[in-house]
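Listed below are the residues making up each chain.
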Amino acid sequence: MTAIDPLQHGLGRRIDQARRLAETGDLDAAAAIFAELAADAGAPDQADAALGLSVVAERMAEQLLAEGEPGQAADVLLQALSVGGVADAARLRVLLGIAHLEMACGEFAGAVEEGRWEEGGAETGALAIELLARTLPLRGRDADAETVWRYGLDHPDRVLAEQVRLRLTRDVRPAVPGPVAAPVTEPGTD
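Source: prediction; values computed, not measured. (Residues numbered from 1 in each chain as written. Predicted model: local features only at pLDDT ≥ 70, side-chain atom pairs only at ≥ 80, totals over all residues. Heavy atoms only, no water.)

**Student:** Just checking my understanding: could you explain helix α6 (residues 122–135) for this structure?
**Tutor:** Since one α-helical turn is 3.6 residues long, residues separated by three or four positions face the same way. Compared with the 20 Å implied by 1.5 Å per residue over 14 residues, the 20 Å span of α6 between its first and last C-alpha is a close match. Taken together, the buried positions of α6 are occupied by Ala122, Gly125, Ala126, Ala128, Ile129, Glu130, Leu132, Ala133 and Thr135. On the buried face of α6, the contacting elements are α5 (89–114), α7 (142–153) and α8 (158–169). (Helix = DSSP H or I, 4+ residues; strand = E, 2+ residues; numbered from the N terminus. Expected span 1.5 Å × (residues − 1). Buried < 20%, exposed > 50% of the residue type's maximum accessible area, 1.4 Å probe, protein only. Contact = heavy atoms within 4.5 Å.)

Here's what the structure looks like:
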C-alpha cells in the first residue's frame, strides 16, 4: 500500500471542491479557494487554481456587468488580478476596463441628469454630454449616444446647446503619424 501525503491529498480535494462550487454557481466560494491555491507557490495545483480563478472571476464580472453592477465587477477583477500568476490576466484587464467604462458612463449620465448649469456651468454640462455620448458607442450603445447628443443640441440653455454643437463637430480623431519622408537632396550635392 502506498502512503498518501495528507497535504497533497488535502490540496487536491480543495481544488476539486472549488471546481464543484463553480459548477454549482457558488462563484464567490470557488474564487476564494482558487485564489488561495493560486497564491501558494508550493501548491501542486497552483497553475490549475490560477486558471480556475481567471475563469470564475470572468464569469462573476460578466454577471455583475449584466446586472448593472460595474463597481462590484471591478472589485472582483482587481482581487483576481492581485493574485500573482492568475491566468489570462490580459482578458481580466480588458473586462476591468469595460467595468470602468460602465462606471464612467454612470458618472457622466449623473452629471447630465443633475443639469443645473449655473453661471459658467454650461461648459461642464457640454463636457459631460460629450463624454457620455462618445463613451456609449464603446459599449455598443450607438442609439443612446445619439439621444444624448440630441438632448444637448436641443437643450433650452442656448449657451450649453452651442457648446455641445461645437463639441459634436470638432475633430477628435487621434493624430496618426504618416510615413516618414526620406530627405530630399538636390542633384549634385551628394
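There's plenty left to go through after this.
**Student:** Is there a simple way to think about the pattern of salt bridges in this case?
**Tutor:** Two side chains with opposite charge may pair up if their charged atoms get near one another. In total, this model carries 12 salt bridges according to the counting rule given. Note that Asp48 is salt-bridged to Arg19, the shortest N-O span being 3.7 Å. Placement of the pair is Asp48 in helix α3 (residues 46–66) and Arg19 in helix α1 (residues 6–24), with a sequence separation of 29 residues. For Glu130, the salt bridge goes to Arg170, with nearest N and O atoms at 2.5 Å. Separated by 40 residues along the polypeptide, Glu130 in helix α6 and Arg170 in the segment after α8 bring together distant segments of the chain. The network of salt bridges with common partners includes Glu130, Arg134, Arg167 and Arg170. (Salt bridge = Lys/Arg side-chain N within 4 Å of Asp/Glu carboxyl O.)

**Student:** What should I look at first to understand unusual backbone geometry in this one?
**Tutor:** A negative phi angle characterises most non-glycine residues, just as the trans form characterises most peptide bonds. The backbone of Asp88 sits at a positive phi, close to 55°, despite the residue not being glycine. Inspection of the secondary structure assignment puts Asp88 in the loop between α4 (70–81) and α5.

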